Amino acid sequence: MNGRFPAIRPRRTRSATWIRNLARETSVTAHDFIQPLFVVEGEGIRKPIPSLPGVDHLSIDRVVETARAAYDLGIPALALFPVIASNLKDPEGKLAIDPDGLIPRCVRAVKKAVPDIGIMCDVALDPYTDHGHDGLFIDGDVANDATLAVLVKQAEVLAEAGSDMVSPSDMMDGRVGAIRDMLESRGFVNTMILSYAVKYASVFYGPFRSALGSASALGVKGKHSYQMDISNKREAIKEVLLDVAEGADMVMVKPGMPYLDVISAVREVVDVPVVAYQVSGEYAMLAAGAAAGAFDFMRVMHESMVCFKRAGADAILTYAALQLARELA
Ligand code: PBG
């Protein structure tokens, strides 16, 4: 008999639900998700974000409610992002290091009400700076080493408030090591660093920046002098290896679905958990497609989650985490 057909028929293991269930290589559960939330000052606020249909600005009391719901659905962790009024932003992003700032207060409230849900907080200045950059802008560029000192202080404030993970998303060189040294010396030995190790200068962040009100200030220069060139993959390996060596407990690749090749390559070279971020532009794109009748939103979201897992991600930040977890329950 020449060739392998008909002895070999791949369709046999796809022929019924029971065998598909047995043969499946990848599965998705609520335990795979981190839910990002946008926090605002005030009380009783749940205000839709126009650029992200289905996602809201939440006041701290609403974040606490949402944390409880997320925990009950099996979502392991939340990522908290502050929305700061433009009149409170300044060139140094001073509110980022305020121990009684919006995020530290929110972390304390969630940890008190729902102690067993994990909390991750971004370390970066962009929500707090009037120029919208992630660090201190000096002589026409973001200054690396001067920014490190502020980021370390911000990470300290977040760890002090009870954040389980601090997540530098700023792409300064050396920040993971600097934050790790601070955490060790201050006795925060169990605070994890989930590093945005591979973060590209992507246009897919558009809806997030408009949700934070940090888009318009950036100008044409953008964040290209610190976020990675979208064309590079070898550089992604260099970045993750550096961050792991500096003490990152987990590494992230961002954006997500257009960068599955990068997730897969990173998975091959590190032994720490790899997290993918399905960013705001990806969410908005799928929501727009669903609204135009191209596909069902929950089904396309579920498929995208399977794709992340298949590519090698251990966990995924997605704005649809709660919706997906409800669907899976
Ligand atoms: C800020 C930060 C950004 C995102 C997460 N943290 C935006 C940026 O770097 O401009 C993007 C998230 C998203 O688009 O969903 N450092």
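Residues numbered from 1 in each chain as written. Predicted model: local features only at pLDDT ≥ 70, side-chain atom pairs only at ≥ 80, totals over all residues. Heavy atoms only, no water.

A. Here's a closer look at the side chain of Asp-32. Note on placement: Asp-32 falls in the loop between helix H1 (17-23) and strand S1 (33-40). At 2.8 Å, the side chain of Asp-32 and the backbone nitrogen of Thr-29 are in polar contact. Polar side-chain contacts of Asp-32 include one of 3.1 Å to the side chain of Lys-309. Residue contacts for Asp-32: discarding those within four places in its chain leaves Ser-27, Lys-309, Asp-314, Ala-315 and Ile-316. (Helix = DSSP H or I, 4+ residues; strand = E, 2+ residues; numbered from the N terminus. Polar contact = N/O pair within 3.5 Å; in protein donor to acceptor, adjacent residues only side chain to side chain. Contact = heavy atoms within 4.5 Å.)

B. A look at the site of the ligand. Close contacts around the ligand come from 17 residues, with Lys-199, Arg-209, Lys-254, Ser-280 and Tyr-319 the closest. Here Tyr-319 contributes a side-chain N or O atom positioned 2.5 Å from an oxygen atom of the ligand. When the free accessible area of the ligand is taken as 400 Å², the share hidden by the protein chains comes to 100%. Residue classes in the shell around the ligand are distributed as 7 nonpolar, 3 polar and 7 charged. (Near = heavy atom within 4 Å. Areas by Shrake-Rupley, 256 points an atom, 1.4 Å probe, with all protein chains shown as cover. Nonpolar A, V, L, I, M, F, W, Y, C, P; charged D, E, K, R; others polar.)

C. How the structure looks around the pattern of salt bridges. Scanning the entire structure with this criterion turns up 18 salt bridges. Residue Lys-94 is joined to Asp-90 by a salt bridge in which the shortest nitrogen-to-oxygen separation is 3.6 Å. One salt bridge in this structure joins Lys-233 and Asp-261, with 3.9 Å as the shortest N-O distance. Highlighted residues: Lys-233 in the loop between helix H6 (206-212) and helix H7 (234-246) and Asp-261 in helix H8 (residues 260-269), separated in sequence by 28 residues. For Lys-233, a relative accessible area of 38% translates into the label partly exposed. Of the residues examined, Asp-261 reaches a relative accessible area of 40% and is grouped as partly exposed. Beyond isolated ion pairs, a larger network of salt bridges with shared partners links Lys-153, Glu-156, Glu-160 and Arg-186. (Salt bridge = Lys/Arg side-chain N within 4 Å of Asp/Glu carboxyl O. Buried < 20%, exposed > 50% of the residue type's maximum accessible area, 1.4 Å probe, protein only.)

D. A look at the state of the cysteines. If you walk through the whole model with that rule in mind, you get 0 disulfides. Cys-121 takes part in no disulfide bond, and the closest cysteine sulfur, belonging to Cys-106, lies 8.0 Å away. (Disulfide = S-S within 2.5 Å.)

All we've got here are geometric facts, nothing functional implied.
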